[in-house]
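# Structural description and commentary
Here's the letter readout for the chains.
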Amino acid sequence: MDFNLKKLTSDAGVFFTRAVQFTEEKLGSAEKTELDAHLENLIARADCTKNWTEKIFRQTEVLLQPNPSARIEEFFYEKLDKKIPSRTTNGELLGQYMLDAAKDFGPGTPYGSTLITVGEYQSRLGGAEREFLQTSAINFLTPLRNFLEGDWRTISKERRLLENRRLDLDICKARVKKAKQAEAKAAAEPDFQETRPRNYVLSASASALWSEEVDKAEQELRVAQTEFDRQAEVTRLLLEGISSTHVNHLRCLHEFVEAQATYYAQCHQYMQELQKELSRYPNSFASNANPSTSATCPSPVSSNILPGVSPPCLASTSTPGIAREPSGPLKIQDVQQPSTGHRKAKVLYDYDAHDTSELSLLADELITVYTVPGMDPDWLVGERGNQKGKVPVTYLELLS
């Protein structure tokens, strides 16, 4: 390895001179060039932006990934410039466990079939969470990281360079001041005598040397002042760019909130659908807890029975001499559109029918809806041409 000894010695001398100047400034024995008020305000604003951006970035990481070990793993993958492996979310893992358990318990049992339904929705929740994490990482975390690891490093580098230029400027100012003081002293007290012409010559020579030293120091001062002014301007332009950073981070913040709103709306929708799915199942746990009940209801409930219309129960102890015939369940094919009370509705979201009693929907289409006595208020009967079936109210916008 080649070493440039001359350059190494020069750099060491500059570093030592700056260290001496910095120490004397801290001790109050040397003058310090102050930056203008506008530049000082820009520096303070930049520092504030950096500190709060770093805190928001770290806490957002904790929010999106609470596991510190997983965060460390992702950090190393990023530093090695490798793709982060896909990680199963807790919801997806829980859903898979429920589906596996249903296989062992028997998918035909009430508990097994319910586990399958809940497990599928847990997997959907996990998928929504995965999408939210990916969207937030791309639209929010990445811009913040780019600022901290890119723009801020450039600003910090230029600020350190500005500080070095300021120290060099103050060193030159101190050198000029000392040279002028020595020149004035040599001019005010000439060291010569008439009987000693040699001393006169030496004094005149010393005065000329100090004059040359002053000229040289002033030239160095002009160069240092020019470099300081140029670096101050570069630093000022970079610091003024913090305003653009705020605008960019504001846009990213809106996208983060939008991703959160979408995620929570999906979770709410999935849970509403899950509750409706569970409401279709009979309360087997209640009948199992009381096997000697006096009334028995048909189980399971047929999928063609309208929600909210309870099937009649057969009494185990009927009145002697009176035979009761159970009335048949109300089927969707038997429902007729009333002459009044029906209205148009706009479909807000796509909906897939879960059985033959329901009507599949497509977003933005118009259908005719109406209700029947005893029907669950969360559902309506919908018609589209010759097709008829139950539709959830939450998926519709009723038109006047």
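Residues numbered from 1 in each chain as written. Predicted model: local features only at pLDDT ≥ 70, side-chain atom pairs only at ≥ 80, totals over all residues. Heavy atoms only, no water.

### Considering the overall build of the protein chain
Helix and strand counts for the protein chain stand at 8 helices and 7 strands. Residue burial in the protein chain is summarised as follows: out of 400 residues, 28% are buried. When contacts within the protein chain are restricted to residue pairs at least 6 apart in sequence, long-range pairs at least 24 apart make up 69% of them. On the protein chain, roughly 26300 Å² of surface is accessible, and the fraction owed to carbon and sulfur atoms is 56%. (Helix = DSSP H or I, 4+ residues; strand = E, 2+ residues; numbered from the N terminus. Buried < 20%, exposed > 50% of the residue type's maximum accessible area, 1.4 Å probe, protein only. Contact = heavy atoms within 4.5 Å. Areas by Shrake-Rupley, 256 points an atom, 1.4 Å probe, with all protein chains shown as cover.)

### Overview of the sheet that holds strand β4 (residues 366-370)
What the 5 strands build is an open sheet, ordered β6-β5-β4-β3-β7; its pairing is antiparallel. Edge positions in the sheet fall to β6 (387-392) and β7 (396-398), since each has one partner strand and no second. Within this sheet the neighbouring strands show an average axis-to-axis angle of 40°, counted without direction. (Pairing = 2+ DSSP bridges. Axes fitted to C-alpha atoms, helices over the stretch in contact; angles between N-to-C directions.)

### Observations regarding the nonpolar core
In this structure, L39, F132 and L239 are the most contacted members of the largest nonpolar core, which totals 36 residues. Every element with two or more residues in this core is listed here: α2 (37-64), α4 (90-105), α5 (110-188), α6 (197-240) and α7 (242-280). Sorting elements by how many residues they give to this core places α5 first, with 16 residues. Discounting chain neighbours no more than four positions away, the residues touching L239 are L39, L42, I43, A46 and I155. Counting residues in hydrophobic clusters, the runner-up holds 17 residues, among them V335, V347, M375 and L380. (Core = buried A, V, L, I, M, F, W, Y, C linked by side-chain atoms within 4.5 Å.)

### Digging into the pattern of salt bridges
Opposite charge on two side chains makes pairing possible when the charged atoms of those side chains draw close. Enumeration according to the criterion identifies 17 salt bridges in this entry. Here E31 and K177 are joined by a salt bridge, their closest N and O atoms 4.0 Å apart. Placement of the pair is E31 in the loop between α1 (5-27) and α2 and K177 in helix α5, with a sequence separation of 146 residues. For E31, a relative accessible area of 63% puts it in the exposed group. Ionic pairing is found between E54 and K50, a salt bridge with its closest N-O pair at 3.3 Å. Placement of the pair is E54 and K50 together in helix α2, with a separation of 4 residues, close to one helical turn. According to the relative accessible area criterion, E54 is partly exposed, its value standing at 29%. (Salt bridge = Lys/Arg side-chain N within 4 Å of Asp/Glu carboxyl O.)

### What to know about unusual backbone geometry
Unlike most non-glycine residues, D364 shows phi in positive territory, near 75°. Take D364: it is sitting in the loop between β3 (343-347) and β4.

### Topic: the packing of aromatic side chains
Scanning all chains against the criterion turns up 8 aromatic pairs. Ring centres of F132 and Y263 lie 4.9 Å apart, and the angle between their planes is 10°; this geometry places the pair in the stacked category. Of the two residues, F132 is situated in helix α5 and Y263 in helix α7; the sequence distance between them amounts to 131 residues. Under the relative-accessibility criterion, F132 is labelled buried at 8%. Ring geometry for Y263 and Y264: centres 5.2 Å apart, planes at 45°, overall tilted. An aromatic cluster of three or more residues is present, and its members are F132, F140, F256, Y263 and Y264. Stacked on the ring of Y121, the Lys or Arg R124 has its end atom at 4.6 Å from the ring centre. Residue placement shows K276 over the ring face of W379; its charged tip is 5.6 Å from the ring centre. (Phe/Tyr/Trp six-rings, centres within 6.5 Å; stacked < 30°, edge-to-face > 60°. Lys NZ or Arg CZ within 6 Å of the ring centre and 35° of its normal.)

### A closer look at the pairing of β6
Pairing between strand β5 (residues 379-384) and β6: 6 bridges, direction antiparallel. Paired with V381 across the bridge in β6 is K390. What sits between β5 and β6 in their antiparallel hairpin is a turn of 2 residues, with G385 showing a positive phi close to 65°.

### Quick word on the confidence of the model for the protein chain
Across the protein chain, pLDDT averages 80, with 75% of residues at or above 70. Predicted confidence is poor over residues 198-202, with pLDDT under 50, and the contacts of this stretch with residues over four places away or in other chains come to 4 contacts. Scored below 50 in pLDDT, residues 283-329 makes 42 contacts in the model with residues more than four places away or belonging to other chains. (pLDDT = per-residue confidence, 0-100.)

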